[in-house]
Amino acid sequence: DEAQEGGTTPAPAEPESTAPPTPQSSEAPPTEIDDGNNGATAPAVVEDNASESALEEDDGERGDLEKQVRARDASISSLEKTRLEKHQELMALQNELEEERLRQMKEAILHRIEVERLKRQTKAVEERLEALEKDMQDKDAIHEYANLIKGVAPKGGVDSQYVMKLQSQLAKAVKKMDATAHQMAQVEQSCEEVVNSLKKEISDIVEDRCRTELELRKQLELLEEQKGEMQAEYDDRIRENQKELDRLKEKASSSVTTSIADLENELEMTEAKLEQLNNIHEMQERTIEELGQTLENSPGEAVAAVNGDD
C-alpha cells in the first residue's frame, strides 16, 4: 500500500532457488588450487612424469635387450646344432678313413704273403722242370731203359700171351695211377682246407695287427698334439715369467736409483746444515773473542757496551 501511495511499483521478489547444491569433487582441478598449493604439487607432477618416462625407457631398453638375447640364443643354438652335425660328419669320415686304412694295410700284408708263396711255388716248379730236362737229356738212362725193354721182350716174336701180360700190367698201372690221383686229390683237398684255415688265421692276425697299429698311430698323434699344446703353454709361461722378471728388475733398479737419489739429496741437505752450523759456530767464536779482548782492554767500556746492547 505504501508503495502504491508513493506512486512506485515495487520490484517483484526473486524466488528462492530450490535447486540442490552441487556436490564438490574430492579432487579439485589444478586451476582451482590456490597459489600456495601450486608451488608444492607442480614438482610432484613433473617428477611423476619423469619417473613414468624413465620407466618407459627402461621397459624399451629391456625389451630391446631381451630381443637381442633371444636372437643371440637362437644363433647360438643354430651354431651348436651345426657344430654337432659337422662333428658327426667328421666322426663318420674318420671311421671311414680308419676302415680304409685298415683294409689297405690288410691287403698289403696279404699281398706280400701271397707274393712270397708264389715265389716259393715258382721256384719249386722251376726246380722240377730243371730235373725233368736233365732226365730227358740223360742218354745213359734212356739206353738202360731201352735195354731193359729189349731184355723183357720175347725173342721168338710177340705172341698173344705177351700182349695180354702187357695189357694186365698196363691196367694195374692205370689202377695205381687212379688210386694215386685220388690220394693226391684228397691230399690237395686237405691241404686246401689247411691253407684256407691258415689264411683265415693270418687274416685275423693281420687285422688285429693293423687295428693295433692304427690305435698306436692315433695315440701317437694325440700325444704329439698334447705335446705341442704343452710346449706352447710352457712357452707362454716362460715369456710371462720373463716379462715379470724384467719388470721386477726394472722396478728394483728404479727403486735403487730413487733411493740413491734421495740419499744424495739428504746428504747434500745435511752438509748444507752442517756448513751453516759451522758458520754460526765461527761467528760465535769471533764474537766471544772480541768480547774477551774488549773485557781485557776496558772492562768498563765492555760493561757499558753490554748495557747498551741490552
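Attention in this report is confined to the structure presented alongside it. Residue numbering note: each chain is counted from 1, following its sequence as written. Owing to the predicted nature of the model, reporting of local features is limited to residues with pLDDT of at least 70; listing and counting of side-chain atom pairs is limited to 80 or more, with chain, interface and lining totals taken over all residues. With hydrogens and water excluded, all non-hydrogen atoms of the structure serve as input to the side-chain values.

1. Some remarks on the overall build of the protein
A tally of helices and strands in the protein yields five helices and zero strands. Under the DSSP-based scheme used, a helix requires at least four consecutive residues in state H or I and a strand at least two consecutive residues in state E, with every element numbered from the N terminus. Helices (α) and strands (β) of the protein occur, in sequence order from the N terminus, as α-α-α-α-α. Note on classification: 1.4 Å probe, protein chains only; a residue is buried when its accessible area is under 20% of the maximum for its type, exposed when over 50%, partly exposed between these limits. When each of the 310 residues of the protein is scored for burial, the buried share is 3%. Carbon and sulfur atoms make up 56% of the accessible area of the protein, which amounts to about 28,200 Å² in all. To measure how exposed things are, a 1.4 Å probe is used in the Shrake-Rupley method; for residues, cover is taken only from the protein chains shown.

2. Some details on the pattern of salt bridges
When a carboxyl oxygen of Asp or Glu lies within 4 Å of a side-chain nitrogen of Lys or Arg, that pair is called a salt bridge. Across all of its chains, the model carries 11 salt bridges by this definition. Two residues, E66 and R70, come together in a salt bridge whose shortest N-O distance is 4.0 Å. On the criterion of helical spacing, the pair formed by E66 and R70 is a turn pair, its members being four residues apart in helix 2 (residues 35-137). Residue classification places E66 among the partly exposed positions, given a relative accessible area of 41%. A salt bridge links E107 to R103; the shortest N-O distance between them is 2.9 Å. Here the residue E107 and the residue R103 both occupy positions in helix 2, the gap between them amounting to four residues, near one helical turn. Judged by relative accessible area, R103 falls into the partly exposed class, the value being 38%. Counted as one network, the salt bridges with shared partners bring together E100, R103 and E107.

3. Considerations on a negative patch on the surface
Residues enter patches when they are more than 30% accessible in relative terms and free of salt bridges; like-charged ones are connected within 9 Å and nonpolar ones (Val, Leu, Ile, Met, Phe, Trp, Tyr) within 5 Å. His residues and chain termini do not enter the charge count, which takes Lys and Arg as positive and Asp and Glu as negative. Note on charges: their place is set at NZ of Lys, CZ of Arg, CG of Asp or CD of Glu. Side chains of E52, E56, E57, D58, D59, E61 and D64 sit close together on the surface and give a patch of like negative charge. Locating E52 in the fold gives a position in helix 2.

Note that every value here comes from positions in space, so none of it alone points to a role or purpose.
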